[in-house]
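Listed here are the chains, written in short residue letters.
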Amino acid sequence: MKIKPLKNEEDYERALERLEVIFDAPTDSEEGDEAEILSMMIDNYENEHYPIDAPDPIEAIKIRMKEMNLKQKDLVGVIGGKSRVSEILNKKKRLSVDMIRELEKILHISASVLVTNYQLTK
């Protein structure tokens with residue numbers, strides 16, 4: 001096992017190719033150890049060179065709703081009436097503290113994601 005830091009795109013590509021070859025190696029083997037180390041290095045490289053911005057609160061809500069197979073009507077009573085839910089999901093109105101608390105419980109989205117500032121539409 002010869003591991004080198006990932007300093008550029010070529011190193012990164014080579015690491016991905018190697019990981020693909022040894023991905024299913026037993027965890028208690030030399031190749032398994034190599035796969036674990038390569039995975040961490042690749043993850044670190046991707047986080048540094050290909051960061052992914054967190055979605056705004058409303059996009060986070062929509063993503064979680066899709067994951068949980070929920071419809072807009074399923075939030076009626078949780079964050080308000082039918083028109084209030086529509087206003088929130090269409091970014092016409094902001095989430096209130098009470099709404100954030102309820103959404104955190106129902107959708108299991110961290111309040112720190114839900115309190116992030118976002119642009120309202122006009």
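Residues numbered from 1 in each chain as written. Predicted model: local features only at pLDDT ≥ 70, side-chain atom pairs only at ≥ 80, totals over all residues. Heavy atoms only, no water.

What follows covers the nonpolar core. Counting residues in each nonpolar core, the largest one holds 16 residues, and the members touching the most others are Ile61, Leu75, Leu95 and Leu103. For this core, the secondary-structure elements that each account for two or more residues are helix H3 (57-67), helix H4 (82-89) and helix H5 (97-107). Per-element accounting of this core gives the leading share, 4 residues, to H5. Ignoring anything within four residues of it in the chain, the contact list for Leu95 reads Pro57, Ile58, Ile61, Ile88, Ile100, Leu103, Leu114 and Tyr118. Counting residues in hydrophobic clusters, the runner-up holds 10 residues, among them Ala15, Leu19, Ile22 and Ile42. (Core = buried A, V, L, I, M, F, W, Y, C linked by side-chain atoms within 4.5 Å. Buried < 20%, exposed > 50% of the residue type's maximum accessible area, 1.4 Å probe, protein only. Helix = DSSP H or I, 4+ residues; strand = E, 2+ residues; numbered from the N terminus. Contact = heavy atoms within 4.5 Å.)

Time to look at a negative patch on the surface. On the surface, Glu9, Glu13, Glu17 and Glu20 cluster together into a negatively charged patch. Checked against the element boundaries, Glu9 lands in helix H1 (residues 9-22). With relative accessibility at 35%, the residue Glu9 sits in the partly exposed group. (Patch = residues over 30% accessible without salt bridge, like charges linked within 9 Å, V, L, I, M, F, W, Y side chains within 5 Å. Areas by Shrake-Rupley, 256 points an atom, 1.4 Å probe, with all protein chains shown as cover. Salt bridge = Lys/Arg side-chain N within 4 Å of Asp/Glu carboxyl O. Lys, Arg positive; Asp, Glu negative; His and termini not counted. Charge placed at Lys NZ, Arg CZ, Asp CG, Glu CD.)

Applying the stated criterion across every chain yields a total of 3 aromatic pairs. Between Tyr12 and Tyr45 the ring centres are 4.8 Å apart and the planes differ by 15 degrees, which places this aromatic pair in the stacked class. Here Tyr45 lies in helix H2 (residues 30-49) and Tyr12 lies in helix H1, a separation of 33 residues in the sequence. Tyr45 carries the same exposure label as Tyr12, and that label is buried. Cluster of aromatic residues (ring-pair linked, three or more members): Tyr12, Tyr45 and Tyr50. If you follow Arg94 out to its NZ or CZ, it ends over the ring of Tyr118, 5.0 Å from the centre. (Phe/Tyr/Trp six-rings, centres within 6.5 Å; stacked < 30°, edge-to-face > 60°. Lys NZ or Arg CZ within 6 Å of the ring centre and 35° of its normal.)

Moving on to the side chain of Glu34. Counting through the fold element by element, Glu34 comes out in helix H2. When its relative accessible area of 8% is taken as the criterion, Glu34 is described as buried. Residues in contact with Glu34, not counting those within four places in the same chain, are Met1, Ile3, Arg18 and Ile22.

Side chains of Met1, Ile37 and Met40 sit close together on the surface and give an oily, nonpolar patch of about 290 Å² of accessible area. Mapped onto the fold, Met40 is located in helix H2.

Our focus in this paragraph is the UniProt feature "domain: HTH cro/C1-type" (unreviewed entry) in the chain. The UniProt record marks residues 61-114 with the feature "domain: HTH cro/C1-type" (unreviewed entry), using the residue numbering of this structure. In residues 61-114, helix accounts for 56% and strand for 0%; the two terminal C-alpha atoms are 8 Å from one another. (UniProt positions renumbered as here; feature names shortened; annotations may be inferred.)

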